[in-house]
Amino acid sequence: FLAKNVPSLGYQVYWLGRKQAETLEISQKNPDISYMGIHIADYTESIAEKNGVVKYYQLEPQKISFENDILRVIVDTETGNLEQVFDLINQRNILQPGLGNQLQVFADSGQYWDGWNINPNYQQYPLNSPQLESIEWIESGPIVWRLRIIKRLNQSEFCQNYILEQGSPLLKIETTVNWQERHTLIKVAFPLTIKADFASYEIPCGVIQRPTNPQTPPSPPPPLPPVYGGFPGGKAKWEVPAIHWADISTPDYGISILNDSKYGYDAQSDQLRLTLLRGSTWPDPEADLGWHQFSYAVYPHAGDWKQAKTVQKGYEFNRPLQVKIYPPISATANLESSSCQSFLELGSEHLILMAFKQSETKSKQWILRCYECQGEETRLELQNNLGLTIDYSVNILEQPQETTAFISAWKIVSFALTSRES
């Protein structure tokens with residue numbers, strides 16, 4: 001089922017009970033899932049007939065389509081790549097045909113600091129891309145679509161689930177890899193249908209813009225490249241870090257690529273790529289070998305990353321709802337406990353909670369730390385069901401500071417809270 005209206009920093013209770021089973025005639029587009037687990041390559045044309053939720057008019061012999069009320073996704077069944085991600089709200093296709101989620105492989109060797117540095121000229125040494133082995137349905141809606149793509153690269157296997165949930169603006173790509181390559185770099189590419197001069201990247205408690213067509217050349221490198229830092233100049237920054245997301249936007253439209261554990265990006269004016277895996281052998285000859293699990297997501301949106309609330313989407317993607325199942329109770333039990341609760345609300349969508357903890361020096365005092373995430377002044381208006389009020393601002397050592405009502409752009413702030421009852 002679809003969990004709706006779950007409050008921030010809180011919970012929502014959903015009761016499960018017995019009821020008469022729905023018949024096929026009255027269920028909401030209840031699909032025949034008898035084809036589940038069968039390779040789609042042999043059944044593409046018949047899926048539309050078997051599943052009423054798949055849009056038949058989008059299907060071709062080598063393509064499969066599925067959609068929710070926000071996005072339509074079309075997958076090329078010959079390559080497993082995304083043929084199209086179509087924004088139904090804004091009526092825009094965001095990807096160059098057949099090239100979305102393309103796994104690109106390059107030779108990556110010859111670096112003195114092998115475990116830290118990527119070969120600056122890796123793009124001159126492309127290798128064969130992973131080859132599609134199978135496609136199959138895991139879930140077929142209407143609450144969630146989950147289409148599984150399996151590819152192989154030499155001795156390495158990639159299992160990717162395209163996940164589209166009802167009411168979600170994200171196409172999630174959940175990935176499991178058995179990685180066995182050495183001195184190999186693999187990236188995932190998203191060639192876009194928009195162009196922009198700058199890409200935006202989330203950094204700790206902030207966002208940085210970088211040019212997508214840098215002009216300033218790097219300085220000559222020293223004899224041994226440093227482990228930390230980089231060479232000055234825009235062209236030297238061909239691989240840059242980001243925490244939860246990177247974004248390319250025009251004033252009216254943009255695309256964000258979210259991630260949950262892969263932090264190396266590169267950008268062109270019409271493309272974002274995310275680095276997934278490497279195969280260094282020094283200082284650890286077996287670095288990265290074995291099983292990996294990670295996810296990333298495509299988030300098309302109107303406006304820029306601020307209007308799209310990409311910061312919040314990145315946090316939600318990295319901290320999904322947790323489901324807690326409690327023991328059954330009888331129908332006659334007392335059900336008066338609150339079914340919905342928010343413990344803390346900051347009163348501004350621009351504020352991101354970083355910490356809420358007991359004070360290091362005062363046992364009856366609590367510390368709340370947050371930061372402003374949009375580059376605009378805002379105000380903290382604390383609401384909570386814990387009986388806490390703000391006493392004063394504190395620094396990182398929890399020493400009292402002058403308290404102001406407004407929080408300036410990008411600022412990290414901490415407050416001491418105490419209970420009204422203490």
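Quick caveat, the model's predicted, so the values are computed rather than measured. (Residues numbered from 1 in each chain as written. Predicted model: local features only at pLDDT ≥ 70, side-chain atom pairs only at ≥ 80, totals over all residues. Heavy atoms only, no water.)

Undergrad: Got a minute to help me understand the overall build of the protein in this structure?
TA: Of regular secondary structure, the protein possesses 2 helices and 30 strands. In the protein, which comprises 422 residues, the share counted as buried stands at 45%. The contacts of the protein with a sequence gap of at least 6 include a subset with a gap of at least 24, amounting to 61%. (Helix = DSSP H or I, 4+ residues; strand = E, 2+ residues; numbered from the N terminus. Buried < 20%, exposed > 50% of the residue type's maximum accessible area, 1.4 Å probe, protein only. Contact = heavy atoms within 4.5 Å.)

Undergrad: Would you explain the sheet that holds strand β5 (residues 92-93) in this entry?
TA: Each strand in a sheet pairs with another by means of backbone hydrogen bonds, the pair being arranged parallel or else antiparallel. On the basis of which strands lie adjacent, the open sheet formed by 4 strands has the order β2-β3-β4-β5 and antiparallel pairing. If you trace the sheet from one side to the other, it starts and ends with β2 (63-67) and β5, each paired once. Examined bridge by bridge, β2 and strand β3 (residues 71-76) share 5 bridges and lie antiparallel to one another. Within β3, the residue paired with F66 across the bridge is V73. (Pairing = 2+ DSSP bridges.)

Undergrad: Is there a simple way to explain the sheet that holds strand β24 (residues 365-372) in this structure?
TA: Strands sit in the order β23-β24-β30-β27-β28 across an open sheet of 5 strands; the sheet is antiparallel. The open sheet is flanked by β23 (351-358) and β28 (400-401), the only strands paired with a single partner.

Undergrad: Quick question: what am I supposed to make of the nonpolar core here?
TA: As a rule of thumb, nonpolar side chains are buried together in soluble globular proteins. Judged by nonpolar contacts, the single largest core of 48 residues is most densely connected at F66, V75, L82, L147, Y162, F190 and L276. Counting 14 residues, the second largest nonpolar core, distinct from the first, contains L170, C205, L258 and Y371. (Core = buried A, V, L, I, M, F, W, Y, C linked by side-chain atoms within 4.5 Å.)

Undergrad: Can you help me understand the pairing of strand β10 (residues 156-165) in this one?
TA: Along any regular strand the residues' side chains alternate between the sheet's two faces. Along β10, 8 of the 10 residues are buried, which leaves the element largely enclosed by surrounding structure. Turn length for the strand β9 (residues 144-153)-β10 hairpin, with the two strands adjacent in sequence and antiparallel, is 2 residues, and the turn residue N154 shows positive phi of about 55°. Here β10 runs beside strand β11 (residues 171-179); their pairing, made up of 8 bridges, is antiparallel. Bridge assignment links Q160 to a residue of β11, and that residue is T175. Between the end of β10 and the start of β11, which pair antiparallel, lie 5 residues, with G167 showing a positive phi angle near 75°.

Undergrad: Looking at this structure, how should I read the packing of aromatic side chains?
TA: For any pair of aromatic rings, the description consists of the separation of the ring centres together with the inter-plane angle of the planes. Considering all chains together, one arrives at 17 aromatic pairs under this definition. Judged by centre distance (5.2 Å) and plane angle (80°), the rings of Y112 and W113 are edge-to-face. For the pair W245 and W305, a centre-to-centre distance of 5.4 Å together with 35° between the ring planes defines the contact as tilted. In this pair, W245 sits in strand β16 (residues 245-249) while W305 sits in the loop between β20 (290-302) and α2 (310-318), placing the two residues 60 residues apart along the sequence. With relative accessibility at 0%, the residue W245 sits in the buried group. Overall, the relative accessible area of 7% leaves W305 in the buried class. Between K262 and the ring centre of F294, over which it is positioned, the NZ or CZ distance is 4.7 Å. Between the NZ or CZ atom of R379 and the centre of the ring of F406, over which it lies, the distance is 5.4 Å. (Phe/Tyr/Trp six-rings, centres within 6.5 Å; stacked < 30°, edge-to-face > 60°. Lys NZ or Arg CZ within 6 Å of the ring centre and 35° of its normal.)

Undergrad: Explain the pattern of salt bridges here, please?
TA: Side chains that differ in sign of charge can pair as their charged atoms come close. Under the defined criterion, the tally for this structure stands at 15 salt bridges. Linking R152 and E133 is a salt bridge whose minimum nitrogen-to-oxygen distance equals 3.1 Å. Of the two residues, R152 sits in strand β9 while E133 sits in strand β8 (residues 131-140), which places them 19 residues apart along the sequence. For R152, the salt bridge goes to E157, with nearest N and O atoms at 3.5 Å. Through salt bridges with shared partners, a single network forms among K187, E239, D266 and R273. (Salt bridge = Lys/Arg side-chain N within 4 Å of Asp/Glu carboxyl O.)

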